[in-house]
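Chains, contacts and geometry: an overview
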Amino acid sequence: NVEQLPDMALPPCHVMYQFYVTNNGHLNCFMYQRSADLFLGVPFNIASYALLTHMVAQVCGLEAGRLTMMLGDAHIYLNHMDQVEEMMLRRPMNSPSLVMNTEVKDINEFTFDDFQVVGYDPYPAIPAPIAV
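So, here is what we can say about the structure in this document. (Residues numbered from 1 in each chain as written. Predicted model: local features only at pLDDT ≥ 70, side-chain atom pairs only at ≥ 80, totals over all residues. Heavy atoms only, no water.)

1. Topic: the overall build of the protein chain
Stated formally: Helix and strand labels come from DSSP, where a helix needs a run of H or I of at least four residues and a strand needs a run of E of at least two; each type is numbered from the N terminus. Partly exposed describes any residue whose relative accessible area lies between the buried limit of under 20% and the exposed limit of over 50%, with all areas from a 1.4 Å probe on protein chains only and scaled to the type maximum. Whether two residues touch is decided by their heavy atoms; if any such pair falls within 4.5 Å, the residues are in contact. Reported accessibility uses the Shrake-Rupley method at a 1.4 Å probe radius. Residues are deemed covered only where the shown protein chains occlude them.
Tallying secondary structure elements over the protein chain gives 2 helices and 5 strands in all. By its C-alpha atoms, the protein chain is 45 × 40 × 30 Å across when sized along the principal axes. Expressed as a percentage of its 132 residues, the buried residues of the protein chain come to 20%. Counting only contacts in the protein chain whose residues sit at least 6 apart along the sequence, the fraction spanning at least 24 positions is 63%. Carbon together with sulfur atoms contributes 58% to the accessible area of the protein chain, which is approximately 9700 Å² in total.

Here's what the structure looks like:
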């Protein structure tokens, strides 16, 4: 929330992102994140910015391209080490597909019902406390 910037000790973790179009009509997104919780935060950030890239590409009449993320302080909190070790024992699953309502042409008009994730077969969640 921009209005809260004067009250923050540090700038937001997601400092900057940039969209750019390739010669073949793909919209790519580059995102810089100054601080990144690799276990709890980054997977959500990847999904969020990938979805945003697809949404912006659609309303601009482009194909979604690459999401590139640069992480400044990438870290794993000590109280997440057991969970990370458990996660590292898992084999990757097949990637799901995103299906979007192609009728939406305004970024502000998307609703939850305009998205469907097909073929998502996750492992059970690994609970972990938020480290502050």
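2. Re the pattern of salt bridges
The test is simple: When a carboxyl oxygen of Asp or Glu is within 4 Å of a side-chain nitrogen of Lys or Arg, the pair counts as a salt bridge.
Tallied over the full model, the rule gives 1 salt bridge. A salt bridge links Glu86 to Arg90; its shortest N-O distance comes to 3.6 Å.

3. Topic: the layout of surface pockets
Definition in use: Whether a set of points on the 1 Å grid over the protein atoms alone is a cavity depends on a 1.4 Å probe fitting there but being unable to get out, while an open set qualifies as a pocket with protein on both sides within 12 Å along at least five of seven lines; lining residues are those with an atom within 4 Å of a point. Grid points are joined across faces, edges and corners, and a volume is the space filled by probe spheres set on the points. When residues are sorted by character, Ala, Val, Leu, Ile, Met, Phe, Trp, Tyr, Cys and Pro go into the nonpolar class, Asp, Glu, Lys and Arg into the charged class, and all the rest, Gly among them, into the polar class.
By volume, the largest pocket is sized at about 1100 Å³. Lining the largest pocket are 30 residues; nearest its centre among them are Pro43, Ala47, Pro96, Tyr120 and Pro122. Elements with a contribution of two residues or more to the lining of the largest pocket: helix H1 (41-59) and strand E5 (115-118). The element contributing the most residues to the lining of the largest pocket is H1, with 8 residues. Taken together, the residues of the lining of the largest pocket break down into 22 nonpolar, 5 polar and 3 charged. Counting residues per element, the ones that place at least two in the lining of the second largest pocket are strand E2 (26-37) and H1. For the lining of the second largest pocket, the element with the highest residue contribution is E2, accounting for 4 residues. In terms of residue class, the lining of the second largest pocket is made up of 3 nonpolar, 6 polar and 1 charged.

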